[in-house]
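If you want the building blocks of each chain, they are given just below.
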Amino acid sequence: MTNSWLDEFPARIEELDQAHLRRRRAVVAPDGGARLRVDGRSMLAFCSNDYLGLSQHPEMVQAACDGAQTFGVGSGGSPLVSGHSAANEALEHELAAFVGLPRALYFYAGFSTNVGIIPALVGAGDAIFSDALNHACLIDGARLSRAQIHRYAHIDLDSLDHELKHSSARRKLVISDAVFSMDGTCADIPALLALCERHDALLLLDDAHGFGVRGPQGRGSLADAGLYDDQGTRRVLYMATLGKAAGVAGAFVAGDAALVEWLLQKTRSYTFATAAPALLASALSISLRVIAKEDWRRSHLNLLIARLRSGLAAGLQGSDWQLTESHTAIQPLLIGANDKALAVMQALREQGIWVPAIRPPTVQEGTARLRIALSAAHGEADVDLLIETLITLSRSLR
Ligand SMILES: *Cc1c(COP(=O)(O)O)cnc(C)c1O
């Protein structure tokens, strides 16, 4: 056969290479604090979502080992057959209590949670209202549902109100990140809920980057908005991932008990997938306790955020590199052109600092950036080194 599409992959990869395809690197081992051992070198990393520095926590590691001793390493089946361990059951109660909502459902991963729950909630004839900067898995879940999708401008509530007002669908679902992963901006949750109330819509909030770091005791973005244990939260379905600040893996949705029961029954990525191994739930139970108890991690992280922002604001005066209006651990530095952002990433890497460059189509054309992610595992000296190196580069690479 001539010209089979199967022969085209090397050329297509070559094209990606020209456009600087993303390379996967094997991290050999964490190297203390926020350092990683990669390509035979110790790198100071500003690229992880381990915002509280919990992924190496000794008590959590021990809990995972104990969980493996008790339950083995695999769950053996779907949660609706035999995979739902007593550890996973206990974790669900702890998660619901932690965010102050009636019930929670624990998933093995965040991506498949959103891809699965949106089609369980709405379908053909229904309507979804989606922030323009939502995470890929919210977008994919919306597409899979076959509901009509209305995209509104990023955190633009007038635009959302307009779309809601002109929809005649009976079931309306508003989907939004609580903290946007590439910009660090935050959704106005009380205002979103008020709009949902007015238009009889349900709000699905993805708090992947807020859980553990925002709100009293790290209880997340709803708690941060004063919506902890609040009767007004019937209209919100709260989703968060457990592989970021919580330091392990997995995700959960929490909300009204009937709604969560519906999702348990109807989410295909839940029903037709192997349950998360119990050893993860064992580690996560400890993680929740550490998150609530160790306030110093959030205080330290906030101090680092302020230090980076003031240091860069002072040192980059007159440069066209700009921080966004973010007060979260995600501190994107807008560079502009793709090749420039890559050059900065490369120059940092040569000095042992790892910050990923994010380019279109992940972000808008002309807004290529470094996505600096801070963690409680960083020391002040780590942040100072990043600030100084960036200031020097802004002069040499202009
Ligand atoms: C990381 C992320 C997810 C996916 O979660 P995983 O557990 O990594 O699959 C979902 N939503 C947002 C906003 C994320 O940043």
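Residues numbered from 1 in each chain as written. Predicted model: local features only at pLDDT ≥ 70, side-chain atom pairs only at ≥ 80, totals over all residues. Heavy atoms only, no water.

K.L.:
Honestly, the site of the ligand in this entry has me stumped. Any pointers?
P.N.:
In the vicinity of the ligand, the residues found are Ala109, Gly110, Phe111, His135, Cys137, Asp177, Asp206, Ala208, His209, Thr241, Lys244 and Gly250. Measuring from an oxygen atom of the ligand, one finds a backbone N or O atom of Phe111 at 2.8 Å. Measuring from an oxygen atom of the ligand, one finds a side-chain N or O atom of His209 at 2.6 Å. With the chains in place, 81% of the 380 Å² that the ligand exposes on its own is no longer accessible. Of the residues that constitute the shell around the ligand, the class distribution is 4 nonpolar, 5 polar and 3 charged. (Near = heavy atom within 4 Å. Polar contact = N/O pair within 3.5 Å; in protein donor to acceptor, adjacent residues only side chain to side chain. Areas by Shrake-Rupley, 256 points an atom, 1.4 Å probe, with all protein chains shown as cover. Nonpolar A, V, L, I, M, F, W, Y, C, P; charged D, E, K, R; others polar.)

K.L.:
Which parts of the structure should I look at to understand the domain arrangement of the protein?
P.N.:
Often the size quoted for an interface is simply the accessible area lost on bringing the parts together. We note that the domain assignment places domain 1 (19-52 + 295-396) and domain 2 (58-293) within the protein. When each unit is reduced to the centre of its C-alpha atoms, the spacing between domain 1 and domain 2 is 27 Å. Between domain 1 and domain 2, the contact holds 19 residues from the first and 19 residues from the second. Around 1400 Å² of area is buried between domain 1 and domain 2 when both sides are counted, 58% of it from carbon and sulfur atoms. On the domain 1 side of the contact with domain 2, Tyr51, Leu52 and Arg298 bury the most area, a combined 32% of that side's loss. Where domain 1 touches domain 2, the interface holds 1 salt bridge. Of the charged contacts, one joins Asp183 and Arg369 as a salt bridge, the two residues approaching to 3.3 Å between their closest N and O atoms. Summed over the shared surface of domain 1 and domain 2, the number is 10 residue pairs in polar contact (both at pLDDT 80 or more). (Domains from an automatic or database assignment. Contact = heavy atoms within 4.5 Å. Buried area = accessible area lost by both parts, 1.4 Å probe. Salt bridge = Lys/Arg side-chain N within 4 Å of Asp/Glu carboxyl O.)

K.L.:
I would appreciate a short explanation of the sheet that holds strand E3 (residues 41-45) in the present structure.
P.N.:
Pairing between sheet strands relies on hydrogen bonds along the backbone, with the strands arranged either parallel or antiparallel. Strand order in the open sheet formed by 4 strands is E1-E2-E3-E13, with mixed pairing between adjacent strands. Every interior strand has two partners, whereas the edge strands, strand E1 (27-30) and strand E13 (353-354), have only one. (Pairing = 2+ DSSP bridges. Helix = DSSP H or I, 4+ residues; strand = E, 2+ residues; numbered from the N terminus.)

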